[in-house]
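The chain contents come next:
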Amino acid sequence: MSLPKQVKIVEVGPRDGLQNETEIISVQRRIKLIQNLAFSGLRHIEAGSFVSPAWVPQMADTAEVLMGLNPDEGIHYPVLVPNLRGLQDALAAGARDVAVFAAASETFSQKNINCSIRESIQRFSELMALARANDIRVRAYVSCVLGCPYEGAIEVSQVADVARQLHELGCYEISLGDTIGTGTPLKTRSLIESVAQHIDIENIAVHFHDTYGQALANIFAALQSGVNVIDSAVAGLGGCPYAAGASGNVATEDVVYMLNGMGISTGVDLSKLTASGREICDQLNISVRSKVNLALQ
Ligand code: HMG
Ligand code: MG
């Protein structure tokens, strides 16, 4: 069995986590959370989104969050941008890394970003020109890769097609989002095999929500398939406001613990990470959703 020696973790708690919590967290606390996560050793921390605050109020003022972070050569703070306007606002706030987000389900695309898949790709292609001119790195998500809250099962070929188009636009990494956490390990493996026919495996990331408790098993399947970029959220925060029933992302603490146990390095200090997970959960008035974090208390 071949497994990577090292894995890149993309921490999405300050974005995917907080965007779906009912409690709105202040800019100062969002900055502190990101600083704590960086202190734990995470080097890719999604800092927020430049989306309509009417749609996702939790992510309002992401510009202030970005401007409150000290630029650090070694740390990336990507932000979500749904359109050209989002990229323009992100640039004005000093963003160097952004992420666009498409879906493999037409209905989800409409509910999430109010346009068809085809229109979203068109929007992103306009945005890519500005990104290129400003030397901005663009990541891309594909949602609903293993199921859609509205359409149910999604064809693997549809996921591969959307992923390929995003890659051809110039997105450096394609994160496959199991938005509602319905995936299981063998389906994960065949999904990755299909996408890897179009995109180098080094450019594929996995993004599991843990709604059905399958996330770690799916991540293990993805690692065996050669993936070495994993998205996760501290304390298992979050969900997606446009995917009813989507519970939190897989917890970063649980991912780091599993990888540590397999001798795969992440550069993350688990005790600093658990402390930051507890602090944000206290502020949100919720209990920690990471089993590892609970076990280490
Ligand atoms: P729309 O209503 O179609 O856009 O929304 P519009 O162009 O008609 O504009 C409507 C209003 O929005 C206007 O303001 C625009 O100025 C404003 P008004 O004139 O009414 O005052 N607007 C913006 N404001 C701020 N930032 C912008 C922006 N663009 C337009 N960038 C839009 C289209 C995409 C903006 C909207 O649908 C939206 O914001 N959606 C948010 C979607 C979202 O954030 N979803 C959660 C993240 S995705 C996710 O969680 C999945 C992921 O984790 C992977 C996985 O798990 O699968 C990534
Ligand atoms: Mg997500």
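In case you missed it, the structure is sitting above this.
Notes on the structure follow.

Parameters and conventions
- Residues numbered from 1 in each chain as written.
- Chains lettered and ligands numbered in written order.
- Predicted model: local features only at pLDDT ≥ 70, side-chain atom pairs only at ≥ 80, totals over all residues.
- Heavy atoms only, no water.
- Helix = DSSP H or I, 4+ residues; strand = E, 2+ residues; numbered from the N terminus.
- Buried < 20%, exposed > 50% of the residue type's maximum accessible area, 1.4 Å probe, protein only.
- Contact = heavy atoms within 4.5 Å.
- Areas by Shrake-Rupley, 256 points an atom, 1.4 Å probe, with all protein chains shown as cover.
- Lys, Arg positive; Asp, Glu negative; His and termini not counted.
- Charge placed at Lys NZ, Arg CZ, Asp CG, Glu CD.
- Pairing = 2+ DSSP bridges.
- Right-handed = clockwise from strand over helix to strand, strands pointing away.
- Polar contact = N/O pair within 3.5 Å; in protein donor to acceptor, adjacent residues only side chain to side chain.
- Donors = N, O, S within 2.8 Å, 3.2 Å for Na, K, Ca; no water.
- Salt bridge = Lys/Arg side-chain N within 4 Å of Asp/Glu carboxyl O.
- Near = heavy atom within 4 Å.
- Nonpolar A, V, L, I, M, F, W, Y, C, P; charged D, E, K, R; others polar.
- Disulfide = S-S within 2.5 Å.

Examining the overall build of the protein chain
Alright, step 1. Helices and strands together make up the secondary structure of the protein chain, namely 12 helices and 8 strands.
Alright, step 2. Each principal axis of the C-alpha atoms in the protein chain carries an extent, and together these give about 45 × 45 × 35 Å.
Alright, step 3. The 297 residues of the protein chain split such that 56% are buried.
Alright, step 4. Across the protein chain, the fraction of contacts at a sequence separation of at least 24, relative to all contacts at a separation of at least 6, is 76%.
Alright, step 5. Only carbon and sulfur atoms are counted for the fraction: they give 48% of the accessible area of the protein chain, which is about 12100 Å².
Alright, step 6. Of the charged side chains in the protein chain, 22 are positive and 31 negative, and the gap between their average positions amounts to 2 Å.

Topic: the pairing of strand E4 (residues 97–103)
Alright, step 1. Counting buried positions over the 7 residues of E4 gives 7, a clear majority of the element.
Alright, step 2. Of the two faces of E4, the one carrying Asp97, Ala99, Phe101 and Ala103 and the one carrying Val98, Val100 and Ala102 are both buried.
Alright, step 3. The pairing of strand E3 (residues 79–80) with E4 spans 2 bridges and is parallel. Within E4, the position partnered with valine 79 by the bridge is valine 98.
Alright, step 4. Between the parallel pair E3 and E4, the chain is carried across by helix H4 (residues 84–92), and the sense of this crossover is right-handed.
Alright, step 5. As paired elements, E4 and strand E5 (residues 137–143) share 7 bridges and run parallel to each other. The partner of alanine 99 across the bridge, within E5, is arginine 139.

A word on the side chain of asparagine 293
Alright, step 1. Relative to the helices and strands, asparagine 293 resides in helix H12 (residues 291–295).
Alright, step 2. The class for asparagine 293 is buried, based on a relative accessible area of 0%.
Alright, step 3. For asparagine 293, the side chain forms a polar contact with the main-chain oxygen of threonine 274, separated by 3.1 Å.
Alright, step 4. Leaving out residues up to four positions away in the same chain, asparagine 293 has contacts with Glu253, Asp254, Thr274, Gly277, Arg278 and Val288.

Focus on helix H9 (residues 215–224)
Owing to its 3.6 residues per turn, the α-helix brings residues three or four apart onto one side.
Alright, step 1. The set of residues buried in H9 consists of Ala215, Asn218, Ile219, Ala221, Ala222 and Leu223.
Alright, step 2. For H9, the secondary structure elements touched by its buried residues are strand E6 (173–178), helix H8 (185–195), strand E7 (204–208), strand E8 (229–232) and helix H10 (252–261).
Alright, step 3. Of the residues one or two after H9, glycine 226 is the one with positive phi, at around 105 degrees.

Thoughts on the coordination of the magnesium ion (ligand 2)
Alright, step 1. Protein coordination of the magnesium ion (ligand 2) is provided by Asp16 (OD), His207 (NE2) and His209 (NE2), with donor distances spanning 2.0 to 2.3 Å.
Alright, step 2. In primary-sequence terms, the residues that donate to the magnesium ion (ligand 2) follow D-x190-H-x1-H.
Alright, step 3. On the basis of relative accessibility, which here comes to 4%, the residue histidine 207 falls in the buried class.
Alright, step 4. Here histidine 209 falls in the buried class, since its relative accessible area comes to 3%.

A closer look at the pattern of salt bridges
Alright, step 1. Counting across every chain of the model gives 12 salt bridges.
Alright, step 2. Two residues, glutamate 173 and arginine 139, come together in a salt bridge whose shortest N-O distance is 2.7 Å. With glutamate 173 in strand E6 and arginine 139 in strand E5, this pair connects stretches of sequence that are 34 residues apart.

Focus: the site of ligand 1
Alright, step 1. The local shell around ligand 1 holds 26 residues, among which Gln19, Asn112, Asn114, Ser143 and Thr179 are the closest.
Alright, step 2. One nitrogen or oxygen atom from the main chain of valine 51 is found 3.4 Å from a nitrogen atom belonging to ligand 1.
Alright, step 3. Protein contact buries 73% of the 1100 Å² of open area that ligand 1 shows by itself.
Alright, step 4. For the shell around ligand 1, the residue count by class is 12 nonpolar, 11 polar and 3 charged.

Points about the state of the cysteines
Alright, step 1. One pass over the full model with this rule turns up 0 disulfides.
Alright, step 2. Cysteine cysteine 148 shares no disulfide, and the gap to the nearest cysteine sulfur, in cysteine 144, comes to 4.3 Å.

Looking at the environment of methionine 1
Alright, step 1. Relative to the assigned elements, methionine 1 resides in the segment before strand E1 (8–11).
Alright, step 2. Methionine 1 sits 203 residues away from isoleucine 204 along the chain, and the two C-alpha atoms are 20 Å apart.
Alright, step 3. Residues contacting methionine 1, with those up to four places away along its chain left out, are Phe220 and Gln224.

Focus: the side chain of asparagine 36
Alright, step 1. Along the polypeptide, asparagine 36 turns up in helix H2 (residues 27–39).
Alright, step 2. In this view, asparagine 36 contacts Ser276 and Glu279; residues no more than four positions away in its chain are not counted.

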